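One-letter residues, chain by chain:
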Amino acid sequence: MIPAEFDYVAPDTLQEAIAARTAGGEDAKFLAGGHSLLPLMKLRLAAPTLLVDLRKVPGLSGVTRENGHWRIGAMTRHAVLQDSHELGAISTVAAGIADQQIRNRGTIGGSLAHGDPASDLTTAFLAYEGTLTATGPDGPREVAATEFFQDYLTTALAEDEVITEVRMPRLEGYGYGYEKFTRRAEDWAMVGVVALVKQADDGTCEDVRIAMTNMGSTPLRARAAEDALRGRPLDAGSIAEAAGHAADGTDPPADRNASEAYKRHLAQVMTRRALTSATK
Amino acid sequence: MSDEVAISVTVNGQVEHVRVEPRLLLVHLLRDELGLTGSHVGCDTSNCGACTVQLDGQSCKSCTVLAVQADGSEVKTIEGMGTEDDLHPLQEGFWAKHGLQCGYCTPGMIMAAADLLERTPNPTEEEIRHGLEGNLCRCTGYHNIVKAVQHAATAMQSAEVSA
Ligand SMILES: Cc1cc2nc3c(=O)[nH]c(=O)nc-3n(C[C@H](O)[C@H](O)[C@H](O)COP(=O)(O)OP(=O)(O)OC[C@H]3O[C@@H](n4cnc5c(N)ncnc54)[C@H](O)[C@@H]3O)c2cc1C
Ligand code: FES
Ligand code: FES
């Protein structure tokens with residue numbers, strides 16, 4: 001399968017990339033790892049007229065630690081996160097994406113910009129309440145994870161904005177769990193759950209964040225389950241009870257792998273398992 | 001037609017200067033323009049791994065990479081792994097342990113396994129099975145492929161010790 005024709009540029013600076021994207025109009029697209037965009041183009045579900053490749057733009061890759069945050073360049077590949085074990089849940093989540101070949105190409109910026117509710121790093125970004133920098137013709141702005149995902153494959157990003165950096169708080173003292181349910185090893189999640197739990201000295205739940213993959217048109221927080229656990233002693237009983245609320249208020253679309261009812265069931269089971277790992 | 005782009009890619013150690021249409025896939029550059037037909041197209045949808053090559057030392061599915069994205073990079077294909085007289089330990093392993101039947105998946109398996117052994121020189125059976133989850137084989141049942149990679153890991157480890 002061959003994509004439709006398009007023009008291609010690989011600018012050397014961020015400003016040139018943004019200018020090229022703006023000049024290319026609404027049918028131009030940025031290109032990062034290409035592992036969401038190229039499959040769509042090969043199937044002719046997408047036919048951009050211009051690709052603006054970000055690969056030569058300096059300073060967009062790598063992980064650094066600063067003021068209680070991890071700063072992750074948008075072009076940082078999943079494989080780099082996978083190998084950055086100090087990132088905790090983010091590293092574990094990245095290691096579970098597809099297979100090694102795909103992790104060697106796909107980037108965190110591409111994952112977030114694509115905004116697929118079935119993708120793994122979008123869920124981690126929401127659970128961490130991260131922020132990102134989006135830079136357009138008028139300069140950079142900050143966008144919080146809570147405002148970023150708007151609808152299926154739709155984000156707060158303007159057409160000619162580049163994600164340059166993603167920041168995740170370090171969340172010292174939190175345990176984490178990640179559960180991804182798939183039919184085959186390299187598959188997308190039928191349902192995935194990231195849980196981050198901070199245990200108080202008296203063994204109760206001081207804070208909890210639970211985010212779910214593929215349970216709606218965007219990644220979702222399981223607020224009812226969080227509320228059910230916060231302040232409670234952390235034990236098998238309270239975790240099971242809270243997990244029972246994971247699908248509350250959700251309306252997951254059925255797909256060829258799972259019915260709505262099955263996804264709601266999976267959300268509860270995956271949440272229980274993720275919370276259990278997060279409190280070990 | 002969209003404008004062709006001049007790129008240079010080092011393939012198996014040799015610098016290639018070519019002009020390509022932006023939509024040309026890396027696997028087609030390798031197979032159709034450079035005549036390196038060892039990398040196969042199986043699924044054409046980034047699932048099967050038959051097209052796996054190394055791009056700057058890391059495995060990738062060349063059916064999902066544009067040739068222009070490889071500009072300035074080094075590509076290694078199965079043709080760059082060993083020679084008939086001097087097989088790469090992975091090629092040796094697939095031969096010794098009967099890791100192939102029809103052979104269609106084998107070049108991709110070997111290129112993915114090379115990445116795996118780079119990351120994990122002494123992998124457990126489970127690590128091998130996980131490391132090759134992006135590669136499908138329709139013939140062998142995978143068991144002998146795992147043995148082939150174990151064979152290669154052992155050979156490469158002892159070569160390192162004696163070096
Ligand atoms: C077979 C297969 C299986 C997969 N399985 C999974 C999985 O299990 N879990 C998972 O999470 N993902 C999965 N993926 C997707 C993979 O992680 C993608 O690499 C990722 O979602 C997109 O990143 P990319 O760098 O490849 O983006 P690209 O494909 O290059 O771009 C995607 C979109 O984002 C835009 N974009 C890219 N970078 C930026 C930026 N910095 N600023 C603004 N816009 C930008 C592009 O214009 C495009 O619209 C899979 C992909 C394949 C092919
Ligand atoms: S042909 Fe590339 S992954 Fe199957
Ligand atoms: S040996 Fe035939 S597909 Fe693997």
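Model, not experiment: these values are computed from the prediction.

Student: Whenever I open this one, the sheet that holds strand β7 (residues 139-144) of chain A confuses me. Can you help?
Tutor: Neighbouring strands of a sheet are bound in pairs by backbone hydrogen bonds; such pairs are parallel or else antiparallel. Residues and elements named next belong to chain A. Spatial strand order, β4-β5-β10-β6-β7: five strands in an open sheet with antiparallel pairing. A single partner strand is all that each edge strand has here, and the edge strands are β4 (63-66) and β7. Each strand of the sheet is rotated relative to its neighbour by a mean of 25 degrees, with strand direction disregarded. Here strand β5 (residues 69-73) runs beside strand β10 (residues 162-169); their pairing, made up of five bridges, is antiparallel. Bridge assignment links arginine 71 to a residue of β10, and that residue is arginine 167. Seen against the sheet, helix α7 (residues 120-128) touches β6 (131-136) and β10 and runs at an angle of roughly 55 degrees to β10.

Student: Sorry if this is basic, but what is going on with the nonpolar core here?
Tutor: The nonpolar side chains of a soluble globular protein tend to be buried with one another. Counting residues in hydrophobic clusters, the biggest one holds 36 residues, and the most contacted among them are Leu112(A), Phe125(A), Leu132(A), Phe148(A) and Val166(A). It is α7(A) that provides the largest number of residues to this core, a total of six residues. Counting only domains with at least three residues in this core, you end up with domain 2 (63-169) and domain 3 (174-278) of chain A. Excluding residues within four positions of it along the chain, Val166(A) makes contact with Trp70(A), Arg71(A), Ile72(A), Ile108(A), Leu112(A), Phe125(A), Thr131(A) and Leu132(A). Residues Leu38(A), Leu25(B), Cys51(B) and Ala67(B) belong to the second largest nonpolar core, which totals 33 residues.

Conventions and cut-offs
- Residues numbered from 1 in each chain as written.
- Chains lettered and ligands numbered in written order.
- Predicted model: local features only at pLDDT ≥ 70, side-chain atom pairs only at ≥ 80, totals over all residues.
- Heavy atoms only, no water.
- Pairing = 2+ DSSP bridges.
- Helix = DSSP H or I, 4+ residues; strand = E, 2+ residues; numbered from the N terminus.
- Axes fitted to C-alpha atoms, helices over the stretch in contact; angles between N-to-C directions.
- Contact = heavy atoms within 4.5 Å.
- Core = buried A, V, L, I, M, F, W, Y, C linked by side-chain atoms within 4.5 Å.
- Buried < 20%, exposed > 50% of the residue type's maximum accessible area, 1.4 Å probe, protein only.
- Domains from an automatic or database assignment.

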